[in-house]
Amino acid sequence: MTSVPEDPGNNAGREPGQGPGRKRGPAPDPAPGFGADPAGGELRRTLGFRDLVVYGLLFIAPMAPVGVFGTLDAKSHGAVALVYVVATVVMAFTAYSYAQMIRVAPLAGSVFTYARKGLGEGPGFIAGWMAMLDYLLIPAVAYLFSGIAMNALVPEVSRWVWTTLAVLVTTLLNLWGVRAAARVGFAVLAMEIAVLLVFVVSAVVVLVRDGAQRGWLSPLGGDGTFSLAAVLGAVSVAVLSYLGFDAIASFAEEVTGGSRKVARAVLFCLALAGVLFVAQTYLAALLQPVSSAKLAADPSLQGSAFYDAVETSVGTWLHDLVAVSKAIGAAFAALAGQAAAGRLVFAMARERRLPPFLARVDERSGVPRVAILGAGVVTLVAAVWAARRDDGLDHLVSVVDVGALTAFVLLHASVVGWFVVRRMAGPPVWWRHVLIPVVGAGALIAVIVEATATAQIVGLCWLGVGLVVLAVQGTGRRTGMEG
């Protein structure tokens, strides 16, 4: 891919189109009830490329497919590795559009900021609003995965207790500071990758020694009747594993070295995650003694399918090792997600789209403490609610990705809006500024169409609430101008 041009260091954080020393134009009128003056400050630039990759991979989680392997295997008729190949390609278009817009607006807020630049204030708010749904709920899913894994190891302690403990520990780390959290996260990430390598080596040894339980090409073609619709339906769930690479863009104001470093980290994390996901699901499918048809007929087997395959083929020791890694890794995936959610809330509050007290930056730690605490409270409530219900995981997993996918569609549209419609960067490059975003948006829309009815309904309801909020803010602005 073509590299993303570096933004000059002395322009970092400025609005696009401003040269050195130029001041920003007048701020827009505040939304009603949100105050006239922004209450926010500037975030500290302390992160390097490695820190960005750590946050991205933590949020994604190197073994993210473990929790949804059985579901995807059942939905795709056994073509679970193909599902991740397709999902990686779909997300690659989105990652490239992120790389284009990061250099346009290297600011916190990610897709909220990009859609504002490319499409205008209204679409920008909706993009941020839809992304906020996922940034608040994805950590809840990760915390619940952690609670379930720990409960399996220590069943005497309820999973909601483990879930609550995970939320409290990681929230304190996020409040400590972005650099400190990145250091701890790096150690956790190294542990996760080490466990993944142990699994890969063990699986290869077993396959060479005993052979595969399924056909060698079945993870790419299915172990029954191949169905493209079934694969796309599974992709709508698999994209949940990737949601996190985009969160890297939320730290654009805290990076030393400019926007090119952020863009490289986004692309690198997605590519690495794709390789890891395809490899581990391919191996797990070959080790899986239960057919995809049986998994589809008995959903109770789906949640533990990966663990069961590992325990049956390799041994209990690897089952327990993977479970511990998943418990710790999921908690720290939620840490990265909570940090990204805090930055999104901070950015929207700074632009007066949310109450301004959410845009305050703590002087000691340099993080948006109030926004992080607010995101943490919402995540805690959702995670504990789900942990106390037998069907809680199903409810959360079924709804968390539609908001992000909708926001990604608006991201692709913002590339066309900025580079083609508004021509803010000179003559557009058609394959980069039209072909890639149009194909990427089309692929995402196809995935949304194949999502569950529950996910679509929740996404529409959340979108409806966002449109009402936007309308109220617009009415307040017009009233203020007339007054």
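Just above, that's the structure.
Here's what I pulled together on the structure shown here.

Conventions and cut-offs
Counting from 1, residues in each chain are numbered in the order their sequence is written. The model is predicted, so local features are restricted to residues of pLDDT at least 70 and side-chain atom pairs to those at 80 or more, both for listing and for counting; the totals for chains, interfaces and linings are taken over all residues. By convention in this description, side-chain values take in all heavy atoms of the structure and omit both hydrogens and water. Strands are runs of DSSP state E lasting at least two residues, helices are runs of H or I lasting at least four, and both sets are numbered from the N terminus onward. Only protein chains enter the accessibility calculation, which uses a 1.4 Å probe; a residue is then buried when its area is under 20% of its type maximum, exposed when over 50%, and partly exposed in between. Here, residues are in contact when the closest pair of their heavy atoms is within 4.5 Å. Only the protein chains shown count as covering a residue, and every accessible area follows the Shrake-Rupley method with a 1.4 Å probe. We count a salt bridge whenever a side-chain nitrogen from Lys or Arg sits within 4 Å of a carboxyl oxygen from Asp or Glu. Working rule for helices: expected span equals 1.5 Å times residues minus one. Every definition here rests on a 1 Å grid over the protein atoms only: cavities are sets of points where a 1.4 Å probe fits but cannot get out, pockets are open sets enclosed by protein on both sides within 12 Å along at least five of seven lines, and lining residues have some atom within 4 Å of a point. Grid points are joined across faces, edges and corners, and a volume is the space filled by probe spheres set on the points. In the scheme used here, Gly and all other residues not listed as nonpolar or charged are polar, with Ala, Val, Leu, Ile, Met, Phe, Trp, Tyr, Cys and Pro taken as nonpolar and Asp, Glu, Lys and Arg as charged. Whether two aromatic rings pair depends on their centres lying within 6.5 Å, for rings of Phe, Tyr and Trp, where Trp uses its six-membered ring; planes under 30 degrees apart make the pair stacked, over 60 edge-to-face, and the rest tilted. Should the NZ of a Lys or the CZ of an Arg lie within 6 Å of a ring centre and within 35 degrees of the ring normal, that charge is described as sitting over the ring.

**Details of the overall build of the protein**
So, step 1. Looking only at helices and strands, one finds 17 helices and zero strands in the protein.
So, step 2. Counting only residues that meet the buried cut, the protein has 56% of its 483 residues in that class.
So, step 3. The contacts of the protein with a sequence gap of at least 6 include a subset with a gap of at least 24, amounting to 83%.
So, step 4. When the accessible surface of the protein is split by element, carbon and sulfur atoms take 67% of a total near 18400 Å².

**Let's talk about the pattern of salt bridges**
So, step 1. Here the structure, examined in full by the defined rule, presents six salt bridges.
So, step 2. Put simply, aspartate 223 and arginine 214 hold a salt bridge, and the shortest N to O gap is 3.7 Å.
So, step 3. On the basis of relative accessible area, arginine 214 is assigned to the buried category, the value being 10%.
So, step 4. Sharing partners across several salt bridges, the network here consists of Arg116, Glu121, Glu351 and Arg353.

**Considerations on helix H3 (residues 80-104)**
So, step 1. The first and last C-alpha atoms of H3 sit 37 Å apart over 25 residues, in line with the 36 Å expected at 1.5 Å per residue.
So, step 2. Along H3, 19 of the 25 residues are buried, which leaves the element largely enclosed by surrounding structure.

**A closer look at empty space enclosed by the protein**
Empty space among the atoms can be located by rolling a probe the size of a water molecule over them.
So, step 1. Counted according to the given criterion, the structure contains three cavities of 30 Å³ or more.
So, step 2. Of the voids in this model, the largest cavity is the one considered here, and its volume is about 220 Å³.
So, step 3. Lining the largest cavity are 17 residues; nearest its centre among them are Phe59, Ile60, Ala64, Phe145 and Leu240.
So, step 4. Every element with two or more residues in the lining of the largest cavity is listed here: helix H1 (49-60), helix H5 (121-153) and helix H13 (316-350).
So, step 5. A per-element tally of the lining of the largest cavity places H5 first, with five residues.
So, step 6. Looking at side-chain class alone, the lining of the largest cavity contains 15 nonpolar, one polar and one charged residues.

**Topic: the packing of aromatic side chains**
So, step 1. Taken as a whole and judged by the stated rule, the model has ten aromatic pairs.
So, step 2. Judged by centre distance (4.5 Å) and plane angle (15°), the ring pair of tryptophan 129 and tryptophan 462 falls under stacked. Taken together, the residues tryptophan 129 in helix H5 and tryptophan 462 in helix H17 (residues 453-482) connect sequence positions 333 residues apart.
So, step 3. Judged by its relative accessible area of 23%, tryptophan 462 falls in the partly exposed class.
So, step 4. Their ring planes at 45° and their centres at 5.2 Å tell us that phenylalanine 199 and phenylalanine 306 sit as a pair that is tilted. Linking phenylalanine 199 in helix H7 (residues 178-210) with phenylalanine 306 in helix H12 (residues 305-313), this pair joins segments that are 107 residues apart in sequence.
So, step 5. In this structure phenylalanine 199 comes out as buried when scored by relative accessible area, which is 0%.
So, step 6. Relative accessible area serves as the criterion here: at 1%, phenylalanine 306 is assigned to the buried category.
So, step 7. In this structure an aromatic cluster arises from ring pairing among Phe69, Phe199 and Phe306.
So, step 8. A cation sits over an aromatic face here: arginine 388 above tryptophan 160, 5.1 Å from the ring centre.

These figures come from the coordinates and say nothing about function on their own.
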